Amino acid sequence: MARVQDKVAIVTGGGTGIGEASAELLASEGAHVIITDIKADKGQEVADRIGRGTSFVEADVSSESDWQALIDKVLNDHGSLDILVNNAGVGIPKNVEETTLEDWRFVMNANLDGVFLGTRYGIQAMKETGGGSIINMSSIEGLVGDSRLTAYNASKSGVMGLSKSSALHCAQEGLGIRVNTIHPGFIWTKMVRGFVKSQDDPEEAKKALESGHALGHLGEPNDIAYGVLYLASDESKFVTGTELVIDGGYTAQ
């Protein structure tokens, strides 16, 4: 289909789950994809499997120096950056009383600081070469509360606010850069599997998650990757500062 033919894309957290699916779909639609992940072996394995010129760069999204080095490499190797998917994230299943300051800072460091740095450096790169699309991965937990996910809730709400502010800035300055968020429901990824296993009765916990979605089942990584592809492509050229909710009806109930 070539919906993002010859565009240059960075996908953070591309070694597993939604990031992996997004990187593969973007590559299949013609993009030059650069996967980043903190786990070098997994990220390189995914890049090699996808092929089509997909490459891997080890990076910690919470490190400003890693972002500087990553952007410099992408611009030197490809000449532009057209798509940035700020997908990398972590979660700790604890309520507000159980959450320590160390837990809080760990989650914020990856989920909010990392997206801030990516958005900031992504804008600086894109505005020099004609614009692009920044896609920040939030969550249904950025829209509704969950007593078991205090720090995660706060971080994903922060991603939404950051993205709206950034979208308005880019529009007002005429930079040609769109910034949007995606809000997945519970997707059967390593993170969600870990969340389920952390509950007292994992089997019942999974059933409860499934029943929380109007469609009656959890999502798959590709369900979100197709949303990424839409926001990355020119099909969404009139879309900025908004939320794409892909949640099987979770927030409609």
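This text goes with the structure placed above it.
Calculation rules
One numbering rule holds for all chains: residues counted from 1, following each sequence as written. Given that the model is predicted, a residue must reach a pLDDT of at least 70 before its local features are reported, and side-chain atom pairs must reach 80 or more before they are shown or counted; all residues, however, enter totals for whole chains, interfaces and linings. Side-chain metrics rest on all non-hydrogen atoms present in the structure, leaving aside hydrogens and water. Note on geometry: axes are C-alpha line fits, over the in-contact stretch for helices, and angles between N-to-C directions span 0 to 180 degrees. We count a stretch as a helix when DSSP gives it H or I for four or more residues in a row; a strand needs E for two or more, and each element gets its number in order from the N terminus. Note on terminology: angles under 35 degrees are roughly parallel, angles over 145 are roughly antiparallel, angles of 65 to 115 are roughly perpendicular, and the others are oblique. Crossings are classed by handedness, with left-handed meaning an anticlockwise turn of the near helix from the far one by less than a right angle and right-handed meaning a clockwise turn. Pairs of residues are marked as contacts when any of their non-hydrogen atoms sit within 4.5 Å. Gly counts as polar in this scheme, as do all residues outside two lists: the nonpolar Ala, Val, Leu, Ile, Met, Phe, Trp, Tyr, Cys and Pro, and the charged Asp, Glu, Lys and Arg. The patch calculation keeps residues exceeding 30% relative accessible area without a salt bridge and links them within 9 Å when they carry like charges or within 5 Å when they are nonpolar (Val, Leu, Ile, Met, Phe, Trp, Tyr). The protein chains shown are the only cover counted for residues, whose accessible areas, like all others here, come from Shrake-Rupley with a 1.4 Å probe. Criterion for a salt bridge: a side-chain nitrogen of Lys or Arg within 4 Å of a carboxyl oxygen of Asp or Glu. When charges are counted, Lys and Arg are positive and Asp and Glu negative, with His and the chain ends excluded. By convention, charge coordinates are those of NZ in Lys, CZ in Arg, CG in Asp, or CD in Glu. Burial classes follow relative accessibility: with a 1.4 Å probe on protein chains only, a residue under 20% of its type's maximum area counts as buried, one over 50% as exposed, and anything between as partly exposed. Pairing of aromatic rings covers Phe, Tyr and Trp, the last counted by its six-membered ring, and requires centre-to-centre distances within 6.5 Å; plane angles under 30 degrees mean stacked, over 60 mean edge-to-face, and any other angle means tilted. A ring has a charge above it when a Lys NZ or an Arg CZ is no more than 6 Å from the ring centre and no more than 35 degrees off the ring normal.

**Student:** Account for the packing of helix α4 (residues 101-126) against helix α5 (residues 150-172), naming residues and giving values.
**Tutor:** Interaxial distance between α4 and α5 falls to 9 Å at its minimum, and their mutual angle equals 15 degrees. Considering the angle they form, α4 stands roughly parallel to α5. Note on packing geometry: the crossing formed by α4 with α5 is right-handed. Side by side, α4 and α5 meet where Trp 104, Val 107, Met 108, Asn 111, Leu 112, Val 115, Phe 116, Thr 119 and Ile 123 of the first sit next to Thr 150, Ala 151, Tyr 152, Ala 154, Ser 155, Lys 156, Gly 158, Val 159, Leu 162, Ser 166 and Cys 170 of the second. Along the lines of polarity and charge, the residues of the contact of α4 with α5 split into 13 nonpolar, six polar and one charged.

**Student:** Got a sec to walk through a positive patch on the surface? Specific residues and values, please.
**Tutor:** Residues Lys 39, Lys 190, Arg 193 and Lys 197 make up a contiguous surface patch of positive charge. As for its placement among the helices and strands, Lys 190 is situated in helix α6 (residues 190-197). By relative accessible area, Lys 190 is classed as exposed at 52%.

**Student:** An account of the packing of aromatic side chains is requested, with residue identities and associated values reported.
**Tutor:** This structure, assessed with the given rule, holds two aromatic pairs. Put simply, the rings of Phe 186, Phe 195 and Tyr 250 pair up and form one aromatic cluster. Lying across the ring of Trp 188, Arg 193 places its NZ or CZ 6.0 Å from the centre.

**Student:** Outline the pattern of salt bridges, supporting the account with residue identities and numerical values.
**Tutor:** Enumeration over the complete set of coordinates arrives at 12 salt bridges. Between Asp 234 and Lys 7 there is a salt bridge; the shortest N-O distance is 3.5 Å. A residue pair is termed long-range when its members are at least 10 positions apart, and Asp 234 in the loop between α8 (221-232) and β7 (243-246) and Lys 7 in the segment before β1 (8-12) qualify at 227 residues. Looking at Asp 234, the relative accessible area reads 51%, which means it is exposed. When its relative accessible area of 19% is taken as the criterion, Lys 7 is described as buried. Between Asp 146 and Arg 148 there is a salt bridge; the shortest N-O distance is 2.9 Å. Looking at Arg 148, the relative accessible area reads 33%, which means it is partly exposed. Several salt bridges converge on common partners, so that one network encompasses Glu 20, Glu 24 and Arg 49.

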